[in-house]
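# Survey of secondary and tertiary structure
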Amino acid sequence: MNDDFINKKKETTVYDTVIHQFNKAADMINLEPNIRKILARTTNEIVVHFPVKMDDGEVEMFTGYRVQHNNALGPYKGGLRFHPLVEIDEVRALATWMTWKSAISSIPLGGAKGGIQFDPHKYSMDELERITRRFTYALGNNIGPEYDIPAPDVNTNSQIMAWMMDTYLSTIQPHERNRCIHVVTGKPIESGGSIGRDKATGQGIVYTIKQWAALKKFNLKNATYFVQGFGNVGSWASILLKPSGAKLLGVQDVSGSIYNEKGIDANDLLEYVKNNKGMIKGYSKAAPMNNQEFLSIKADIFIPSALENQITKKTAPNLKVKLVAEGANGPTDIEGDHILQEKNIDLIPDILCNAGGVIVSYFEWLQNKRSEFWDLKEVDSKLQHIITNGFTRVATAAKKHKTDWRTAAYIVALDHLKTVYKERGIFP
Amino acid sequence: MKETTLPDRMNTYFNQAARLLQLTPKAKNIIKKNDNEITFHFPAIMDNGDLIMITGYKIQHNNILGPYKGSLHYLPLSDKRIMQALAMLKTWKAAVMDIPMGGSAGVVFIDPSLFSFAELERITRRYIFDLGLNIGPEYDIVEPGINTNSQIMAWVHDTYLLSFPPHERNLYTHIATGKPVALGGSLGSDKAPGQTIYTIIKEWQHDRGKDLSKLTFMMQGFGNTGYWVSSLLCKNGAKFIGLEDKHCSIFNPSGMDPEDIISYIQTHRSIKGYPRAQKIDHESFISKKATVLILAAAENQINKKTVSLLNTDLIIDGIDNSTDGKCSTLLHEKGIEHIPDIFSNTGLEIIGYFEWLQQKRSEKWKLSQVNEKISRRVISAFHRVKQKKEQFNTDWKTAAYVTALSRIDRALSALPLYP
């Protein structure tokens with residue numbers, strides 16, 4: 001993606017977007033003022049500064065964040081990202097989204113997010129290990145298997161989670177360690193990870209697209225789609241949509257855009273990308289395409305699965321699709337949202353569409369907690385069951401309140417949280 | 001010219017001391033930054049049934065010497081740099097006095113005068129509840145600060161203990177210090193700040209080969225600290241010649257009786273009109289000749305304007321930040337010694353530490369034991385700081401910072417960085 005798409009100088013912050021969406025849904029269901037006040041703010045915001053010894057013996061100070069939005073439904077849960085642009089406002093938005101996601105999917109978890117402000121590509125593997133361990137140590141009791149459970153996110157992976165688990169467990173008494181391995185999810189399979197976690201977000205997107213097709217009586221066979229972002233989410237969504245008979249027309253990532261009207265084989269592209277430093281650039285079985293024209297591809301489905309604020313006032317008018325399935329968090333800003341509605345483009349909103357990741361994280365957490373190991377069939381069928389129920393709840397709410405799907409998703413989440421607050425009361 | 005703020009001032013002193021100590025960049029980087037910072041939002045129910053959201057804050061500076069310990073402030077608005085400076089100040093004070101603790105600060109962003117007693121209780125309890133495991137008797141200990149008192153510490157104590165199973169609760173009664181005596185507060189708490197300053201003055205006088213009968217002193221501020229310093233000094237032979245409060249200044253070269261003044265204040269609310277001294281203005285008060293001037297009233301009392309008037313051998317800070325950092329050179333040129341807040345205003349830290357120890361050990365110390373322990377601790381700190389003062393050929397303030405920093409630096413170099 002070029003700088004235009006990355007859109008560093010945002011007109012509205014992502015947190016503004018979250019609050020705007022929240023207010024709209026809260027107004028529509030007349031949410032009690034007291035519950036509204038609570039949900040409109042984060043619960044805890046933790047900033048830690050910690051020293052790490054570099055390979056050359058020097059000490060560098062790092063700043064890490066953990067924002068916990070709400071835990072009325074269960075322990076806080078959310079990813080950790082390593083990125084130079086990590087800042088508190090963005091982390092707040094992402095933490096809040098996690099609360100809504102769990103509430104829509106009806107899984108007993110709350111919302112959190114965190115990260116360290118640095119560029120991991122500039123550090124050695126040993127340094128990354130020390131940074132991760134020292135961050136975990138600094139967070140101390142602010143995380144825990146029944147309190148706040150981190151997971152991988154941008155630039156973090158299962159190896160980072162393994163280090164986090166190991167560091168956290170070393171702070172626990174030896175005879176209790178094995179009942180705390182669910183302190184993080186997204187671990188390597190051998191260290192307590194779940195089968196199906198790697199493809200979970202992509203799988204969830206595909207399940208929701210299938211639900212949409214069934215609801216709209218749309219035939220996915222010979223349908224066309226294009227994908228922004230070809231990381232974990234974009235590549236898995238592309239691959240898993242293939243068996244339905246749909247055709248992948250275009251892909252865009254940070255290195256550029258490619259297009260082939262006869263279809264791109266997602267598995268083949270992934271093989272190429274793996275040997276090309278993760279980039280799609282130079283793939284020979286598709287033609288390069290101008291980045292500006294990418295969103296104007298005529299197709300049935302667009303799956304944005306890269307960064308925030310991609311569908312905007314500027315880009316939304318160009319879209320020529322029936323459905324936008326949001327694989328990324330917050331790819332559409334407030335104005336982009338209005339334009340989608342005006343153009344009658346269907347939308348599967350992020351907090352429903354990409355919940356597959358947190359749902360299978362929940363499965364990993366459950367398996368660790370129960371000392372079980374599920375097979376892929378069990379994971380997939382449970383994921384499908386949960387995300388389909390979420391889809392149905394959102395579809396029903398959209399119909400009942402005669403509103404767009406994003407607002408409907410918020411309504412489902414807020415309704416659920418409202419009920420819990422009413423039942424439990426506000427202490428003291 | 002504008003007065004420097006507390007964070008700027010502390011930064012200057014820190015850098016000065018770090019330069020003298022030739023502190024490594026590693027140590028400097030670690031000590032200068034705070035460890036953790038937590039902001040949280042919690043609901044509190046008002047007496048009329050309304051719910052309002054309140055913001056709580058906790059900053060933990062450094063715990064290499066022992067658990068964090070810091071004051072809880074109820075302040076309507078706040079500059080985070082000031083909060084960081086307050087937490088840091090606690091680290092330095094503990095390090096100077098050889099108290100095995102680190103520094104922190106807690107804030108609830110409210111104006112407490114706008115809330116009822118019952119509302120303040122709910123807010124306090126909810127604040128502690130939400131801090132959860134970010135505080136603890138062996139992790140971060142709470143003490144009173146701006147707009148908070150022993151009643152609030154009692155609520156802190158009770159709320160924290162309620163989060164534990166009944167049979168464990170009494171293990172954790174050292175979560176807060178500055179509690180009411182009936183709930184485990186230490187005897188001698190009211191006297192401790194004054195006694196600390198008194199002990200320093202006495203030791204300083206002995207150190208230059210004189211005793212207290214040769215000492216005259218003037219006092220600015222006659223609150224708890226001011227009263228106890230005066231009372232202890234007079235009982236031991238010193239002469240109390242001048243006093244100033246918010247309303248006026250009084251002077252009597254043949255000496256005044258603090259007990260008499262306190263009973264006058266109890267009926268007249270101020271020293272205004274006190275018959276057994278002459279009324280003078282602020283400028284002549286500051287310029288009177290005496291051995292010691294004790295500053296126990298307000299911040300920035302000795303500044304560029306007042307420093308040239310001073311006519312004493314020693315000034316000593318009885319509250320934090322009573323002397324503007326820019327005066328150091330001028331004081332030095334005039335040959336006036338200045339004992340700084342991080343050394344002299346540590347009575348609360350000492351007695352807080354003693355209360356913590358008593359609770360942890362399930363002991364109750366007699367007043368005479370407390371007195372003796374304060375005295376011993378202050379005298380040994382005096383000689384540690386003095387040794388640094390001589391070693392680096394510097395003033396008391398820099399020497400106090402050097403004492404604190406070298407204490408922390410030694411701990412850091414003994415511990416390799418984890419992992």
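Residues numbered from 1 in each chain as written. Chains lettered and ligands numbered in written order. Predicted model: local features only at pLDDT ≥ 70, side-chain atom pairs only at ≥ 80, totals over all residues. Heavy atoms only, no water.

Attention now goes to the packing of aromatic side chains. Tallied over the entire structure, the rule returns 38 aromatic pairs over all chains. Seen from their ring centres, Phe62(A) and Phe118(A) are 5.5 Å apart, and the 85° between their planes marks the pair as edge-to-face. Note that Phe62(A) is positioned in strand S2 (residues 59–70) and Phe118(A) in the loop between strand S4 (111–116) and helix H5 (125–139), a separation of 56 residues in sequence. Given a relative accessible area of 2%, Phe62(A) falls into the buried group. Its relative accessible area of 5% is what places Phe118(A) among the buried residues. With a centroid separation of 6.5 Å and an interplanar angle of 65°, the aromatic rings of Trp92(B) and Tyr401(B) are classed as edge-to-face. One end of the pair, Trp92(B), is in helix H3 (residues 80–96); the other, Tyr401(B), is in helix H14 (residues 396–414), and 309 residues separate them in sequence. (Phe/Tyr/Trp six-rings, centres within 6.5 Å; stacked < 30°, edge-to-face > 60°. Helix = DSSP H or I, 4+ residues; strand = E, 2+ residues; numbered from the N terminus. Buried < 20%, exposed > 50% of the residue type's maximum accessible area, 1.4 Å probe, protein only.)

All names here are of chain B. A contiguous nonpolar patch, built from Val 181, Leu 187 and Leu 367 and spanning about 220 Å² of accessible area, is present on the exposed surface. Note on placement: Leu 367 falls in helix H13 (residues 367–391). For Leu 367, a relative accessible area of 39% gives the class partly exposed. (Patch = residues over 30% accessible without salt bridge, like charges linked within 9 Å, V, L, I, M, F, W, Y side chains within 5 Å. Areas by Shrake-Rupley, 256 points an atom, 1.4 Å probe, with all protein chains shown as cover. Salt bridge = Lys/Arg side-chain N within 4 Å of Asp/Glu carboxyl O.)

Glancing now at empty space enclosed by the protein. Gaps left between atoms are located by rolling a probe of water-molecule size over the structure's atoms. Throughout the structure, instances matching the rule amount to 4 cavities of 30 Å³ or more. The calculated volume of the largest cavity comes to roughly 120 Å³. Around the largest cavity sit 13 residues that line it, and His20(A), Gln21(A), Lys24(A), Asp337(A) and Arg406(A) are the ones nearest its centre. At the level of secondary structure, the elements contributing two or more residues to the lining of the largest cavity comprise helix H2 (14–28), helix H11 (334–342) and helix H15 (405–424) of chain A. Of the residues that constitute the lining of the largest cavity, the class distribution is 2 nonpolar, 6 polar and 5 charged. Taken as a whole, the second largest cavity holds about 90 Å³ of empty space. Lining the second largest cavity are 13 residues, with Arg9(B), Tyr13(B), Asn321(B), Thr323(B) and Asp341(B) positioned closest to its centre. Those elements giving two or more residues to the lining of the second largest cavity turn out to be helix H1 (6–21) and H14 of chain B. Looking at the lining of the second largest cavity, the element that brings in the most residues is H1(B), giving 4 residues. (1 Å grid on protein atoms, 1.4 Å probe; cavity = no way out; pocket = protein on both sides within 12 Å on 5 of 7 lines; lining within 4 Å. Points joined across faces, edges and corners; volume = space filled by probe spheres on them. Nonpolar A, V, L, I, M, F, W, Y, C, P; charged D, E, K, R; others polar.)

Residue and element names in this part refer to chain A. If you trace the backbone, Met 28 turns up in helix H2. Taking relative accessible area as the criterion, Met 28 reaches 34% and is therefore assigned partly exposed. Sequence spacing of Met 28 and Thr 171 is 143 residues, and the spatial spacing of their C-alpha atoms is 47 Å.

Turning our eyes to something else, we now look at the sheet that holds strand S2 (residues 51–62) of chain B. Two orientations exist for strands paired in a sheet by backbone hydrogen bonds: parallel and antiparallel. Taking strand neighbours across the sheet as the criterion, the 10 strands line up as S5(A)-S3(A)-S4(A)-S2(A)-S1(A)-S1(B)-S2(B)-S4(B)-S3(B)-S5(B) in an open arrangement whose pairing is mixed. Edge strands, defined here as strands with exactly one partner in the open sheet, are strand S5 (148–152) of chain A together with strand S5 (140–144) of chain B. Ignoring which end each strand starts from, the neighbouring axes of this sheet average 20° apart. As defined by bridge partners, S2(B) adjoins strand S4 (residues 102–108) of chain B across 6 bridges and the pair is classed as antiparallel. Residue pairing across strands places Lys58(B) opposite Gly106(B), the latter belonging to S4(B). Sitting on the sheet, H3(B) is in contact with strand S1 (36–45), S2, strand S3 (68–74), S4 and S5 of chain B, with an inclination near 145° to S4(B). (Pairing = 2+ DSSP bridges. Axes fitted to C-alpha atoms, helices over the stretch in contact; angles between N-to-C directions. Contact = heavy atoms within 4.5 Å.)

Between chain A and chain B, the contact holds 30 residues from the first and 26 residues from the second. For the pair chain A and chain B, the summed buried surface comes to about 2,700 Å²; carbon and sulfur atoms form 59% of the total. For the pair chain A and chain B, the number of links is 0 salt bridges. Between the two partners, chain A and chain B, sit 6 residue pairs in polar contact (both at pLDDT 80 or more). Listed by contribution, the elements that provide at least two residues to the side of chain A that touches chain B are helix H3 (33–39), strand S1 (44–53), S2, H5 and helix H6 (158–170) of chain A. With 9 residues, the top contributor of residues to the side of chain A that touches chain B is S1(A). Its residues assigned to classes, the side of chain A that touches chain B shows 13 nonpolar, 10 polar and 7 charged. Where S1(A) lies against S1(B), 5 bridges are found, and the strand directions are antiparallel. Note that in S1(B) the partner of Val48(A) across the bridge is Asn36(B). (Buried area = accessible area lost by both parts, 1.4 Å probe. Polar contact = N/O pair within 3.5 Å; in protein donor to acceptor, adjacent residues only side chain to side chain.)

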